[in-house]
Amino acid sequence: MSVLASVEERNDTAVMALAGSAHFSSHLMQLALPPLFPILNVEFGVGFTRLGLIVTLFYIASGLGQAAAGVLVDRYGAHRLLIGGLTAMSAAIGLSGLAPGYWALLPLAVIAGLGNSVFHPADLSILSHCVSAQRLGRAYAVHGIAGGFGFATSAALIVGVTAFAGWRVALLVVGAIGLTVAAVLFANRARLVYVPRQAARASSASHPLAAYLAIVASPVVLLGFAYFALTALAGTGVQTFAISALTEGYGLPLGTATLGLTIYLVGSLCGMVFGGILADRTDNHHRVAMTGIVIVAALMLVIGILPGLGLVVLPVLFVAGIASGTTSPSRDVLIRRAALDVGAGTGSIFGFVYSGLDLGSSIAPLIFGILVDYHAAQAVFLVIAATFALAAPTVMQVQSSARRQRTVPAE
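Residues numbered from 1 in each chain as written. Predicted model: local features only at pLDDT ≥ 70, side-chain atom pairs only at ≥ 80, totals over all residues. Heavy atoms only, no water.

K.L.:
Please give an account of the packing of helix 4 (residues 78–96) against helix 5 (residues 102–116) that cites residues and values.
P.N.:
Each pair of packed helices can be described by the angle between their axes along with the distance between the axes. Look at helix 4 against helix 5: their axes get within 7 Å of each other, and the N-to-C directions meet at 155°. Between helix 4 and helix 5, the angle is such that the two are roughly antiparallel. You can see that helix 4 and helix 5 cross each other, and the crossing is left-handed. Contacts from Gly85, Ala88, Met89, Ala92, Ile93, Leu95 and Ser96 of helix 4 reach helix 5 at Leu105, Leu108, Ile111, Ala112, Gly115 and Asn116. (Axes fitted to C-alpha atoms, helices over the stretch in contact; angles between N-to-C directions. Helix = DSSP H or I, 4+ residues; strand = E, 2+ residues; numbered from the N terminus. Parallel < 35°, antiparallel > 145°, perpendicular 65-115°, else oblique. Left-handed = near helix turned anticlockwise from the far one by under 90°. Contact = heavy atoms within 4.5 Å.)

K.L.:
Can you explain a nonpolar patch on the surface? Please cite residues and give values.
P.N.:
On the surface, Leu359, Ile363, Leu366, Ile367, Ile370 and Tyr374 cluster together into a nonpolar patch covering about 580 Å² of accessible area. Along the chain, the position of Ile363 falls in helix 15 (residues 346–373). Take Ile363: its relative accessible area is 34%, and that puts it in the partly exposed class. (Patch = residues over 30% accessible without salt bridge, like charges linked within 9 Å, V, L, I, M, F, W, Y side chains within 5 Å. Areas by Shrake-Rupley, 256 points an atom, 1.4 Å probe, with all protein chains shown as cover. Salt bridge = Lys/Arg side-chain N within 4 Å of Asp/Glu carboxyl O. Buried < 20%, exposed > 50% of the residue type's maximum accessible area, 1.4 Å probe, protein only.)

K.L.:
So what's going on with the packing of aromatic side chains? Residues and values would help.
P.N.:
Applying the stated criterion across every chain yields a total of nine aromatic pairs. Aromatic pair Phe44 and Trp167: ring centres 5.8 Å apart, planes at 85°, arrangement edge-to-face. Taken together, the residues span a long stretch of sequence, with Phe44 in the loop between helix 2 (37–43) and helix 3 (48–76) and Trp167 in helix 8 (residues 167–187) at a distance of 123 residues. A residue is classified by how much of its surface remains accessible, and Trp167, at 7% relative accessible area, is buried. Ring geometry for Tyr227 versus Phe228: centroids 6.0 Å apart, planes at 80°, classification edge-to-face. On the basis of relative accessible area, Phe228 is assigned to the buried category, the value being 0%. A connected cluster of aromatic rings, assembled from ring pairs, spans Tyr227, Phe228, Phe350 and Tyr354. When the ring centre of Phe186 is taken as origin, the NZ or CZ atom of Arg189, which lies over that ring, is 4.0 Å away. (Phe/Tyr/Trp six-rings, centres within 6.5 Å; stacked < 30°, edge-to-face > 60°. Lys NZ or Arg CZ within 6 Å of the ring centre and 35° of its normal.)

K.L.:
Which residues make up the packing of helix 3 against helix 4, and what values go with them?
P.N.:
At their nearest, the axes of helix 3 and helix 4 sit 9 Å apart, and the two run at 155° to each other. Compared by their axis directions, helix 3 and helix 4 come out roughly antiparallel. Packed against helix 3, whose contacting residues are Phe58, Ala69, Leu72, Val73 and Tyr76, the element helix 4 presents Ala78, Arg80, Leu81 and Met89 at the interface.

K.L.:
Residues and numbers for helix 3, please.
P.N.:
When the terminal C-alpha atoms of helix 3 are compared, their 40 Å separation across 29 residues agrees well with the 42 Å that a helix rising 1.5 Å per residue should span. Roughly 40° is the biggest bend found in helix 3, and it falls at Gln66. (Expected span 1.5 Å × (residues − 1). Bend = angle between axes of the 7 residues up to and from the residue.)

K.L.:
Quick rundown of the pattern of salt bridges? Include the residues and the values.
P.N.:
Evaluated as defined, the whole model comprises four salt bridges. The shortest N-O distance in the salt bridge between Glu8 and Arg135 comes to 3.7 Å. Taken together, the residues span a long stretch of sequence, with Glu8 in helix 1 (residues 3–30) and Arg135 in the loop between helix 6 (119–130) and helix 7 (136–165) at a distance of 127 residues. Overall, Glu8 belongs to the partly exposed group, its relative accessible area being 35%. Through salt bridges that share partners, Glu8, Asp12 and Arg135 make up one connected network.

K.L.:
Please set out unusual backbone geometry residue by residue, giving values where relevant.
P.N.:
With phi around 60°, His375 is a residue other than glycine that occupies positive phi space. Tracing the backbone through its elements, the reader meets His375 in the loop between helix 15 and helix 16 (377–405). Its relative accessible area of 63% is what places His375 among the exposed residues.

K.L.:
Could you give an account of the confidence of the model for the chain, naming the residues involved and the relevant values?
P.N.:
On average, residues of the chain carry a pLDDT of 85, and 89% of them reach 70 or more. Within the chain, helix 8 carries the highest mean pLDDT (97), whereas helix 9 (residues 198–205) carries the lowest (48). Here residues 198–203 scores under 50 on pLDDT; set against residues more than four positions off or in separate chains, the count is 10 contacts. Low pLDDT, under 50, characterises residues 406–411; the predicted model gives this stretch 13 contacts beyond four residues in sequence or across chains. (pLDDT = per-residue confidence, 0-100.)

In structure tokens form, the structure reads like this:
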């Protein structure tokens with residue numbers, strides 16, 4: 001390996017680590033409050049519906065802020081938005097530990113949500129510009145895996161610290177972790193700076209609103225948004241209601257059903273590792289993403305039509321998780337390519353299409369909650385299968401629409 005290649009690889013690794021640590025921190029803080037709801041229910045004397053409003057406000061602020069954050073990323077720099085957003089989110093979560101009452105948590109949830117809105121457009125723009133093309137798939141995989149570990153770590157950390165020092169200290173600790181990561185990002189900000197493409201700068205310089213609306217209204221971007229919304233709706237159905245469906249409609253013990261969801265999530269992380277390597281070795285990212293989604297849909301259909309699977313459902317969920325995780329790096333490569341093809345900044349595109357995640361995630365609890373309330377456990381998996389199936393053709397159309405709309409050469 002030449003000296004230049006070695007330096008390039010070390011820089012790529014450093015950028016992946018910095019972006020991954022930011023994504024880990026955001027997911028760590030996203031789940032900081034829900035494990036404390038039973039305690040806050042007693043501490044502040046409020047019901048779980050009002051406590052749920054905290055989470056609702058967080059995701060509304062995050063979803064509405066994400067598209068705007070993407071535009072700001074392209075205009076002012078991803079590193080500035082990333083550090084600022086992480087600082088705001090960390091401070092809000094930490095201050096929640098000092099809240100004198102329930103109502104103080106609501107504006108802090110909004111601030112935390114707005115801070116959270118920057119991560120996808122900022123992180124993915126930094127990776128898209130600062131990591132070598134031959135390692136880009138692995139970079140997106142590291143980003144996704146880091147976020148997954150943030151979710152996995154959050155509840156254990158919060159519950160563990162609460163047991164020893166109380167819930168207020170637990171939130172202060174999580175907030176301090178976020179601020180520490182923000183300080184590390186600030187100290188290494190030079191690695192996160194990139195020069196936007198001329199086409200993106202030009203499109204935002206004159207008539208910025210009209211240019212932005214024209215870009216997000218293009219078929220390739222709308223299809224990307226639809227893909228994210230559909231996969232988020234189906235994925236949230238799995239993560240939120242699979243346990244309830246498996247226990248009520250399939251007769252599995254709670255421990256076995258919980259193990260099934262855990263296996264699915266572990267499989268997803270394993271799939272991201274494989275998907276990152278695969279994304280760096282193929283140009284057919286649309287086929288990788290579509291194949292993975294079709295496999296997940298087929299396996300969820302099997303679970304839905306065969307309620308007598310018993311323990312066989314565990315390996316089925318594991319394979320489904322692998323298939324789902326494998327699609328993630330190729331999906332992000334496709335969205336980056338779409339940004340190049342429509343001549344837009346990556347921040348604007350990632351911000352808009354990733355807001356589809358918030359839309360799908362916000363709709364899913366209503367749909368699947370009704371099914372569980374009406375004891376339609378099999379229908380939960382059938383709807384999940386159908387939603388994944390609907391997402392499959394959208395990713396193929398992202399590829400074909402991008403080819404038709406190509407206005408600039410790929411970098």
